[in-house]
Amino acid sequence: MNQKETKTKEKAKLLSPKLDVVFQALFGEVGSERITKKFLEAILDKKLEEVDLSRNIVLRRENPKDKMGILDVLVKINQEEYCNVEMQMVEKDNLIERILYYWSRIYGKNLNGSDDYIELKRTIGVLIVNFEIKKLKELGYHSKWKIIEEKERKLILTEHLELHIIEIPKIYNIGENEEKEELVKWINFIENPESEKAGEYMKENAEMKEAKEKLEVMSEDEKMQILAELRLKAIRDEKAVERFGYNQGIEKGIEKGIEQGKKETAKKMKEEGLDIELIKKITGLTEEEINLL
């Protein structure tokens, strides 16, 4: 195989949109408004006038300063409500509490000290996971949650809180009618943008085609390649150590192994010249711990 053929083969290998750093860059960067708007319309099942992505950090920027939402996508919708979208590859404890916590941070961030509570904006949380959640075993691939009165009339207490949970593996068990849903088409794209199904969907969905084209460009970006590689390594290390620890029944060994894996990943990220705030977010280490590496 000559150099030209090798380069062409490498170019065809796309980064996975399921990886949080890739997902954030694909849907969260300014310039992705058309893509993100169409995707959110499929999740929320309503037409949106406009979306604002300006509050998201650009992962490929040389010196990112914004500490919030590095791996999430924060969207301002129609200038009056917020939506936070998170992609999660690894099953974690307290997942439901986690989404509520991030929702509350964004909801409370709308209010300055002197503001009245009426200034609080409707806030939507979207969690997309690459596994099935045990608590939601009996539900479909997409569940929607609000606060309701459960004793008498089942009234919704407020429209300010809305949560959506999307479990990617469940799309393989859906019925024929659900296969036609726009959200199912987008989840198929995120699952495998090079699949035959995704290719068919792109013929009728210009925004999905645009997302594929952007993903192709991103996959040639050296900094994104480094971020994706390091993120994948961190996930593999975490899974491997947990698997080994549980098999051995050594809880302390699990914690120690995970911590060591995080430090090794952080050290490599430092060597690549990545920003401290980004390293903190990806590894969970403190700035002091990172500086000591």
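Analysis parameters
- Residues numbered from 1 in each chain as written.
- Predicted model: local features only at pLDDT ≥ 70, side-chain atom pairs only at ≥ 80, totals over all residues.
- Heavy atoms only, no water.
- Buried < 20%, exposed > 50% of the residue type's maximum accessible area, 1.4 Å probe, protein only.
- Helix = DSSP H or I, 4+ residues; strand = E, 2+ residues; numbered from the N terminus.
- Pairing = 2+ DSSP bridges.
- Salt bridge = Lys/Arg side-chain N within 4 Å of Asp/Glu carboxyl O.
- Contact = heavy atoms within 4.5 Å.
- Axes fitted to C-alpha atoms, helices over the stretch in contact; angles between N-to-C directions.
- Parallel < 35°, antiparallel > 145°, perpendicular 65-115°, else oblique.
- Left-handed = near helix turned anticlockwise from the far one by under 90°.
- pLDDT = per-residue confidence, 0-100.
- Polar contact = N/O pair within 3.5 Å; in protein donor to acceptor, adjacent residues only side chain to side chain.

Q: Which residues make up the pairing of strand β3 (residues 81-88), and what are the values?
A: Counting buried residues along β3, eight of its eight residues qualify, which places the element largely inside the surrounding structure. Residues of β3 alternate between two faces, with E81, C83, V85 and M87 on one and Y82, N84, E86 and Q88 on the opposite face, all of them buried. One ladder, built from five bridges, connects strand β2 (residues 73-77) with β3; its direction is antiparallel. Note that in β3 the partner of V75 across the bridge is C83. Bridge count between β3 and strand β4 (residues 122-129): eight bridges; the pairing is parallel. In the sheet register, Y82 faces β4, and the bridge partner there is T123.

Q: With reference to specific residues and values, describe the pattern of salt bridges.
A: This structure, assessed with the given rule, holds 21 salt bridges. In this structure, K146 and E159 form a salt bridge, with 2.5 Å as the shortest nitrogen-oxygen distance. With K146 in the loop between β5 (142-145) and β6 (161-167) and E159 in the loop between β5 and β6, the pair connects residues that are 13 residues apart, well separated along the chain. The class of K146 is partly exposed, set by a relative accessible area of 25%. Three or more residues are tied together by salt bridges with common partners; here these are K46, E81, R122, K146, E159 and E162.

Q: An account of the sheet that holds β3 is requested, with residue identities and associated values reported.
A: The six strands are arranged β1-β2-β3-β4-β6-β5 in an open sheet whose pairing can be described as mixed. Each edge of the open sheet is held by one strand with a lone partner, namely β1 (51-52) and β5. Packed on one face of the sheet, helix α4 (residues 95-109) meets β2, β3, β4 and β6 and runs near 145° to β4.

Q: Kindly report on the packing of helix α2 (residues 20-28) against helix α8 (residues 206-219), identifying the contributing residues and their values.
A: It is the contact of α2 with α8, at a shortest axis distance of 10 Å, that shows an interaxial angle of 125°. By the angle between their directions, the pair α2 and α8 is classed as oblique. Helix-helix and strand crossings are classified by hand; for α2 and α8 the assignment is right-handed. Contact with α2, carried on its side by V22, A25 and L26, involves A211, K214, L215 and M218 of α8 and no other residues of that element.

Q: Describe in detail the confidence of the model for the chain, supporting the description with residues and values.
A: Per-chain confidence: the chain averages 85 in pLDDT, with 84% of residues scoring 70 or above. When mean pLDDT is compared element by element in the chain, helix α3 (residues 33-44) scores highest at 98, while helix α1 (residues 3-11) scores lowest at 50. The model gives residues 62-69 a pLDDT under 50, and that stretch makes twelve contacts with residues more than four places away or in other chains.

Q: Explain the environment of E86 residue by residue, including any values.
A: In this structure, E86 sits in strand β3. Sequence separation between E86 and L71 is 15 residues, and the spatial gap between their C-alpha atoms is 7.3 Å. Excluding its chain neighbours within four sequence positions, the residues that come into contact with E86 are D72, R98, Y102, V126, L127 and I128. Separated by 3.2 Å, the side chains of E86 and Q88 make a polar contact. For E86, the side chain forms a polar contact with the side chain of R98, separated by 2.9 Å.

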